[in-house]
Structures are given as structure tokens and as C-alpha cells.
Amino acid sequence: ANHTHPVALGSDHLAVHLLSSAEQEVAELFGSRTGDEVDKFSRCRWHPGAGGAPVLEDCTRWFVGRVLGHHADGDHTGFLLEPVELSSADRPWPRQLGYQAVRHLDPGHEA
């Protein structure tokens, strides 16, 4: 039901961002706003990665994968990706941003 899902289904490449505990603002922007109402990419720094996938510049670690397939499972879709570009960055990695740190966020709308 969200804006991102049909965009992802029509994409040849997807970017996956692994957020650290220092990157909570990115989680708040992308986890609690809907692309139906807000242009999230106008509110952050990004550049096109492989295949044009948007790479968020304030994220320390990410990869872009070529979409090999996808599988619908209830209200989620799983994507099989072949990594083609990545960054492990040379910036410090405090620790992974976990669910407990973001569970207070309200999603932009229902799934």
C-alpha cells in the first residue's frame, strides 16, 4: 500500500542501507514519512548508484543489487539481489540501528 513498493517492483536495481545507531534521522525520514505525501529525497543527500538506484550519502554502509527476482508473501515482497556496488566506508560504525531504537516511529500509513 506504500509508494515505495510499486517503484521497487519496477526497478532493475535496489539500494540497501545498513543504518547505524548514529543514523537515526535517516530511519525517521524513511520510516515515518510516506512518499505519497513527501519527497523524501529532497530532504536528504543522495546520489545515483548502479542502475540509478538512490544511495543515501548520510549512510555509512550500503550496497546496490541487481534484481534477479522477487516473491510475494502476504503483505511483504522479498527481493533476490545480486550485489554490484557497495560501500563499507571509512567512517566509524557505532553499532547497528536496532528495532528497539525505532519502535516508537509511526509508519507513514498502514501496510
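The rules behind the values
Residues numbered from 1 in each chain as written. Predicted model: local features only at pLDDT ≥ 70, side-chain atom pairs only at ≥ 80, totals over all residues. Heavy atoms only, no water. Helix = DSSP H or I, 4+ residues; strand = E, 2+ residues; numbered from the N terminus. Buried < 20%, exposed > 50% of the residue type's maximum accessible area, 1.4 Å probe, protein only. Contact = heavy atoms within 4.5 Å. Salt bridge = Lys/Arg side-chain N within 4 Å of Asp/Glu carboxyl O.

Asks: Could you give an account of the side chain of Ser 20, naming the residues involved and the relevant values?
Replies: Turning to its location among the elements, Ser 20 is positioned in the loop between strand S1 (13-18) and helix H2 (24-32). Since its relative accessible area comes to 1%, Ser 20 is described here as buried. Contact partners of Ser 20, with chain neighbours within four places excluded, come to Trp 93, Pro 94, Arg 95, Gln 96 and Leu 97.

Asks: Summarise the pattern of salt bridges; cite the residues concerned and give the values.
Replies: Counted according to the given criterion, the structure contains three salt bridges. Note that Arg 45 and Glu 57 form a salt bridge whose closest N and O atoms lie 3.7 Å from each other. In this pair, Arg 45 sits in the loop between H2 and strand S2 (46-48) while Glu 57 sits in the loop between strand S3 (54-56) and strand S4 (61-73), placing the two residues 12 residues apart along the sequence. Judged by relative accessible area, Arg 45 falls into the partly exposed class, the value being 47%. Where Asp 58 meets Arg 45, a salt bridge forms, and the shortest distance between an N and an O atom there is 2.6 Å. Taken together, the residues span a long stretch of sequence, with Asp 58 in the loop between S3 and S4 and Arg 45 in the loop between H2 and S2 at a distance of 13 residues. Taking relative accessible area as the criterion, Asp 58 reaches 34% and is therefore assigned partly exposed. A single network of salt bridges, built from pairs that share partners, joins Arg 45, Glu 57 and Asp 58.

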